[in-house]
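Descriptive analysis of the structure
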Amino acid sequence: MKLLVTGGAGYVGSVVAARLLEEGHEVTVLDDLSTGHADAVPDGAAFVRGSITEAGEVLSAGFDAVLHFAAKSLVGESVDKPGLYWAHNLGGTLALLDAMRQAGVGRIVFSSTAATYGEPERTPIVETDPTRPGNPYGASKLAVDTTLTAFAGLYGLAAVSLRYFNVAGAYGAFRERHAVETHLIPNVLKVALGERESVSVFGADYPTPDGTCIRDYIHVADLAQAHLLALAACTERRHRIYNLGSGSGFSVKEVVDVCREVTGHEIPAVVAPRRAGDPAVLVASSEKIQRELGWKAARTTLHEIVADAWTGWQTPESGRGL
Ligand code: UFG
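Notes on the structure follow. (Residues numbered from 1 in each chain as written. Predicted model: local features only at pLDDT ≥ 70, side-chain atom pairs only at ≥ 80, totals over all residues. Heavy atoms only, no water.)

1. Topic: the overall build of the protein
Just so we agree on the cut-off: Strands here are runs of E lasting at least two residues and helices are runs of H or I lasting at least four, both read from the DSSP assignment and numbered beginning at the N terminus. Radius of gyration here uses only the C-alpha atoms, and the compact-globule reference equals 2.2 Å multiplied by the residue count raised to the power 0.38. Every residue pair with non-hydrogen atoms within 4.5 Å of one another is taken to be in contact. Only the protein chains shown count as covering a residue, and every accessible area follows the Shrake-Rupley method with a 1.4 Å probe. All tallies of charge rest on Lys and Arg as positive and Asp and Glu as negative; His and the ends of each chain are not included. Every charge is mapped to an atom, namely NZ of Lys, CZ of Arg, CG of Asp or CD of Glu.
A count of helical and extended segments in the protein gives ten helices and 14 strands. At 19 Å, the protein has a C-alpha radius of gyration in line with the 20 Å of a compact globule built from 322 residues. Structurally, the protein occupies a C-alpha span of about 55 × 45 × 40 Å along its principal axes. Across the protein, contacts joining residues at least 24 apart in sequence account for 79% of those joining residues at least 6 apart. Element-wise, carbon and sulfur atoms account for 51% of the exposed surface of the protein, whose accessible area totals about 13,300 Å². Distance between charge centres in the protein, computed from 28 positive and 37 negative side chains, equals 4 Å.

2. A few points about the sheet that holds strand S12 (residues 250-251)
Rule in force here: Any two strands with at least two DSSP-identified bridges between them are counted as paired.
Spatially, three strands are ordered S12-S9-S14 in an open sheet, and the strand pairing comes out mixed. The open sheet terminates on both sides in strands that have one partner only, identified here as S12 and strand S14 (281-282). Two elements, strand S9 (residues 214-215) and S12, share two bridges in a ladder whose sense is antiparallel. When the sheet's bridge partners are listed, Ile214 is paired in S12 with Ser251.

3. Things to note about the packing of aromatic side chains
Let me state the cut-off plainly: Each Phe, Tyr or Trp ring (for Trp, its six-membered ring) is paired with any other whose centre lies within 6.5 Å, and the angle between the two planes then decides the class: stacked below 30 degrees, edge-to-face above 60, tilted in between. Buried, partly exposed and exposed residues are distinguished by accessible area as a fraction of the type maximum, computed with a 1.4 Å probe on protein chains only: under 20%, between the cut-offs, and over 50%, respectively. Should the NZ of a Lys or the CZ of an Arg lie within 6 Å of a ring centre and within 35 degrees of the ring normal, that charge is described as sitting over the ring.
As enumerated under the stated definition, the model contains two aromatic pairs in all. Relative to Tyr137, the ring of Tyr85 has its centre 6.4 Å away and its plane inclined at 90 degrees; by these criteria the two rings are edge-to-face. Separated by 52 residues along the polypeptide, Tyr85 in helix H4 (residues 82-103) and Tyr137 in helix H5 (residues 136-155) bring together distant segments of the chain. Classification of Tyr85 as buried rests on a relative accessible area of 0%. Residues Phe151 and Tyr155 carry aromatic rings whose centres are separated by 5.0 Å and whose planes lie at 80 degrees to one another, so their mutual orientation is edge-to-face. Pair noted here: Phe151 and Tyr155 are both in helix H5, with a separation of four residues, about one helical turn. The ring of Tyr117 has Arg163 lying over it, and the distance from NZ or CZ to the ring centre is 5.1 Å. Directly above the ring of Tyr242 sits Lys288, whose terminal nitrogen or CZ lies 5.0 Å from the centroid.

4. Overview of the sheet that holds strand S5 (residues 107-113)
So the rule is basically this: Lines fitted to C-alpha atoms define the axes here, with helix axes fitted over just the stretch in contact, and angles between the N-to-C directions of these axes take values from 0 to 180 degrees.
Spatially, S3-S2-S1-S4-S5-S6-S11 is the arrangement adopted by the seven strands of the open sheet, whose pairing is parallel. Among the strands making up the open sheet, the edge pair consists of strand S3 (46-49) and strand S11 (239-244). On average, each strand axis in the sheet is inclined to that of its neighbour by 20 degrees, with strand direction left out of account. Relative to strand S2 (residues 26-31), strand S1 (residues 2-6) runs parallel, the two being bridged by five bridges. The residue of S2 that forms the bridge with Thr6 is Leu30. Against the sheet, helix H7 (residues 220-233) contacts S1, strand S4 (65-68), S5, strand S6 (158-164) and S11, and its axis sits at roughly 160 degrees relative to S6.

5. So, the pairing of S1
So the rule is basically this: Throughout, right-handed denotes a crossover for which the path from the first strand over the helix to the second runs clockwise when the strands point away from the viewer.
Most of S1 is tucked away, with four of its five residues classed as buried. Handedness of the crossover is the feature at issue here: the chain leaves S1, passes through helix H1 (residues 11-22), returns alongside S2, and the resulting connection is right-handed.

6. Some points on the pattern of salt bridges
Note the following rule: For this document, the term salt bridge refers to a Lys or Arg side-chain nitrogen within 4 Å of an Asp or Glu carboxyl oxygen.
The tally for this structure, following the rule as stated, stands at 15 salt bridges. Between Arg215 and Asp278 there is a salt bridge, and its shortest N-O distance comes to 3.9 Å. Of this pair, Arg215 sits in strand S9 while Asp278 sits in the loop between strand S13 (269-272) and S14, placing them 63 residues apart in sequence. Of the charged contacts in the structure, one is a salt bridge between Arg291 and Glu292, with a shortest N-O distance of 3.8 Å. The structure contains a network of salt bridges with shared partners spanning Arg240, Glu287, Arg291 and Glu292.

Purely spatial values, then, with no claim about function.
Here it is as structure tokens:
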């Protein structure tokens, strides 16, 4: 298929673009490089530097589907700058959907998030659970999910939203590369690399067995595989929504321990105050995508996920991805 990958110079987008190329698809990456890296665009993909609000020109060349990753994705930043998140994530996506309609492109796979659920009433979270996002990031992504449902009914759009939980690991040299790193695993590995003295544990007084937050970590390569299945499953007039996690939760302390095992470094950890907006436990049920699309995580242990991330981080100069 001829595919447009928005945000394909970022972490998840670049891994998915690489996997699509491996499967024989023709890939064009559209990315404004506001947070992505040009050298993360996989070899073999065409690259257009630009905003999703200018997608019309690119799409006029004729495409079969869009995989839409381009977004602002920092929870904390979204609280400080809600307008930026609504403009980019909802406004930008509306412009993209409009350009798709004009160009006759009827299929989209969208990067949604666990943040659409907010503080869960129960775990694991299933797709029919209430969506009460606790920050503008989650709210803006939920607004896109709502739009996709409406457009499927109104215009016959074939859409799949994948609600990612905590994406981690690396795919070969493709790894996370954020200018400001907020995620747990990269921050812990930076201590092992000697780039930081210690890692902060944001809160040790949560109602969890060891007092630290529990999250569901999914390997970026397993996540990429789900995109291939989602693309094949796009059905006219339907908007499907799937959670994507491994189904197991690990506490911050457990993550730090596994990083110590993998790297052989002591990794000092210092308990710090809670970070605003962090739910105590976020674990996905991925039963629906397993049942309907046959997806299954191939890299299920946290050890494997951290080991792949560590391999990616040890070669920073060749690190690719966002
Ligand atoms: N944490 C630390 N120290 C750090 C970094 C993180 O203790 O240096 C803790 C956080 O407080 C949290 C856990 O580690 O309890 C995981 O934090 P991350 O920042 O790695 O990930 P989040 O769970 O906050 O965020 C992820 C995605 C978001 C998505 C969110 C859904 O990265 O895009 O899940 O709530 F919105």
